[in-house]
Amino acid sequence: MAEYLQIGALIEKDNGLTAYDDISNSNGVIYAILETGRSNDLFSEKQFGEFGEAAILTLVIEAKQKNQILEDLAKNLGLNEKDQGLVFEETALLKCS
């Protein structure tokens, strides 16, 4: 098993901003970045005609903290609710020196 993993989430912008603030300082999160833009699918709220505000949250985490971070992320993003986003998990990363 890799020492570090990458987790990505495609979410509504407002949820992304909240999740970034909450999870970026969590135990086991090495690096967090939030990118914003517009999406014409997935989300029910469309602020710009056919497009809605979207965010991509990317986390580099310690592999041993994966389950806890995913649980925190799902809770933060409200992923149990309809049309809240997608999470992509477990891309193994190698640390280069």
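Placed above this text is the structure.
Remember, it's a predicted structure, so these values are computed and weren't measured experimentally.

If you look at the biggest cluster of nonpolar residues, it comprises 17 residues, and the most contacted ones within it are Leu 57, Leu 59 and Leu 73. Within the residue set of this core, elements represented by two or more residues are β1 (4-12), α1 (13-23), β2 (29-39), β3 (52-62) and α2 (66-77). Here Leu 57 is in contact with Ile 7, Gly 8, Ala 9, Ile 11, Ala 19, Tyr 20, Ile 23, Ile 33, Leu 34 and Leu 73, once residues within four sequence places are set aside.

With that settled, the discussion passes to the environment of Leu 17. By the element assignment, Leu 17 lies in helix α1. C-alpha separation for the pair Leu 17 and Leu 34, spaced 17 residues apart in sequence, amounts to 7.7 Å.

The next thing to look at is the pairing of β3. Counting buried positions along β3 gives nine out of 11 residues, so the element sits mostly inside the fold. Where β1 meets β3, nine bridges bridge the pair, whose relative direction is antiparallel. Its bridge partner being in β3, Ala 9 is matched across the sheet by Leu 57.

To describe two helices that pack against each other, one gives the angle between their axes and the distance between the axes. Contact pair α1 / α2: the axes reach a minimum separation of 9 Å and the direction vectors enclose 145 degrees. Both α1 and α2 take part in a crossing whose hand is right-handed. For the pair α1 and α2, contact is made by Asn 15, Thr 18, Ala 19, Asp 22 and Ile 23 and by Ile 69, Asp 72, Leu 73, Asn 76 and Leu 77, respectively. A class-by-class count of the residues in the contact of α1 with α2 yields five nonpolar, three polar and two charged.

The rules we used
- Residues numbered from 1 in each chain as written.
- Predicted model: local features only at pLDDT ≥ 70, side-chain atom pairs only at ≥ 80, totals over all residues.
- Heavy atoms only, no water.
- Core = buried A, V, L, I, M, F, W, Y, C linked by side-chain atoms within 4.5 Å.
- Buried < 20%, exposed > 50% of the residue type's maximum accessible area, 1.4 Å probe, protein only.
- Helix = DSSP H or I, 4+ residues; strand = E, 2+ residues; numbered from the N terminus.
- Contact = heavy atoms within 4.5 Å.
- Pairing = 2+ DSSP bridges.
- Axes fitted to C-alpha atoms, helices over the stretch in contact; angles between N-to-C directions.
- Left-handed = near helix turned anticlockwise from the far one by under 90°.
- Nonpolar A, V, L, I, M, F, W, Y, C, P; charged D, E, K, R; others polar.

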